[in-house]
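So you can see what is in the structure, the chains are spelled out below.
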Amino acid sequence: MSSSASPSAVHDRLQQLGITLPPVAVPAAAYVPFVRTGNLVFLSGHIAKKDGKTWVGQLGKDTDTATGKAAARAIAIDLMGTLQAAVGDLGKVTRIVKLMSLVNSTADFTEQHLVTNGASELFVDVFGPQIGAHARSAFGVAQIPTGACVEIELIAEIQD
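Residues numbered from 1 in each chain as written. Predicted model: local features only at pLDDT ≥ 70, side-chain atom pairs only at ≥ 80, totals over all residues. Heavy atoms only, no water.

Undergrad: How should I be thinking about the side chain of Q58 in this particular structure?
TA: In this structure, Q58 sits in the loop between strand 4 (53-54) and helix 2 (65-87). Residues contacting Q58, with those up to four places away along its chain left out, are T63, N104, S105, T106 and A142. (Helix = DSSP H or I, 4+ residues; strand = E, 2+ residues; numbered from the N terminus. Contact = heavy atoms within 4.5 Å.)

Structural data, given as structure tokens:
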């Protein structure tokens, strides 16, 4: 079995980064925010938010890569808030297994992977490379609900 980060190490790292985890957002449609099966927790897609509202934009049109990366980082914070609600303590996380990132982008925008780095890098910063490094997909899509610039879902492995 993989080792997990200590609860205090994760909490301390979040504090060092100036991150306060938000509560779980109420789903806007017919789904639940997370599902646990065995030692895996699947988090539903989280859309980018800024100042409590949808972070609207299309990469390659009215939003640049650096802004998209900041939006992906903001989503990672929201995902960690949901993950904490799902498992009770982020110290139980043994691996961030996979991210799937959808980037609202024009047909000729090709930096979806760089946008998604905003989330990927934060997971490594918080959990360390052994737990935070993950498999990943990053897709360009024509639109995301409510016009959000980025949406990300996550799969994590936990121990009890």
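Undergrad: Could you clarify how one ought to interpret the environment of F109 in this entry?
TA: Tracing the sequence through the fold places F109 in the loop between strand 5 (93-104) and helix 3 (112-127). Between the C-alpha atom of F109 and that of F123, which follows or precedes it by 14 residues, the distance is 25 Å. When residues no more than four places from it in sequence are discounted, the contact partners of F109 are L59, G60, T65, V103 and V115.

Undergrad: How should I be thinking about the side chain of Q112 in this particular structure?
TA: Secondary-structure assignment places Q112 in helix 3. Judged by its relative accessible area of 11%, Q112 is buried. At a separation of 3.0 Å, a polar atom in the side chain of Q112 contacts the side chain of S105. Excluding anything up to four places from it in sequence, Q112 contacts V103, S105, A138, F139 and G140. (Buried < 20%, exposed > 50% of the residue type's maximum accessible area, 1.4 Å probe, protein only. Polar contact = N/O pair within 3.5 Å; in protein donor to acceptor, adjacent residues only side chain to side chain.)

Undergrad: So what exactly am I meant to see when it comes to unusual backbone geometry here?
TA: Note: most residues except glycine have negative phi, and most peptide bonds are trans. You will see that D51, though not glycine, has its phi angle at about 55°, which is positive. Residue position: D51 is located in the loop between strand 3 (49-50) and strand 4. For D51, a relative accessible area of 75% corresponds to the exposed category. Despite not being glycine, T146 shows a phi value in the positive range, around 60°. Looking at where T146 falls in the secondary structure, it is placed in the loop between strand 6 (135-141) and strand 7 (150-158). Under the relative-accessibility criterion, T146 is labelled exposed at 56%.

Undergrad: For this particular structure, what's the right way to read the nonpolar core?
TA: What tends to happen in soluble globular proteins is that the nonpolar side chains get buried as a cluster. Counting residues in each nonpolar core, the largest one holds 39 residues, and the members touching the most others are M80, L83, L90, F123, F127 and L154. Looking at this core, the elements that each hand over two or more residues are helix 1 (7-16), strand 2 (40-47), helix 2, strand 5, helix 3 and strand 7. Looking at this core element by element, the count peaks at 10 residues for helix 2. Ignoring sequence-local partners within four residues, the contact set of F123 consists of A76, L79, M80, I96, L99, G128, G132, H134 and L154. (Core = buried A, V, L, I, M, F, W, Y, C linked by side-chain atoms within 4.5 Å.)

Undergrad: Can you help me understand the pairing of strand 1 (residues 34-37) in this one?
TA: A regular strand carries its side chains on alternate faces of the sheet. For strand 1 and strand 2, the ladder comprises 4 bridges, and the chain directions are antiparallel. Bridge pairing links F34 to L43 in strand 2. Count of turn residues in the strand 1/strand 2 antiparallel hairpin: 2 residues, of which G38 carries a positive phi of about 60°. (Pairing = 2+ DSSP bridges.)

Undergrad: Would you mind showing me how to read the pattern of salt bridges here?
TA: A side chain of one charge can pair with a side chain of the opposite charge when the charged atoms of the two come close. Inspection of every chain in the model, using the stated rule, returns 2 salt bridges. For K69, the salt bridge is made with E121, and the minimal N-O distance between the two is 3.1 Å. A residue pair is termed long-range when its members are at least 10 positions apart, and K69 in helix 2 and E121 in helix 3 qualify at 52 residues. For K69, a relative accessible area of 31% puts it in the partly exposed group. (Salt bridge = Lys/Arg side-chain N within 4 Å of Asp/Glu carboxyl O.)

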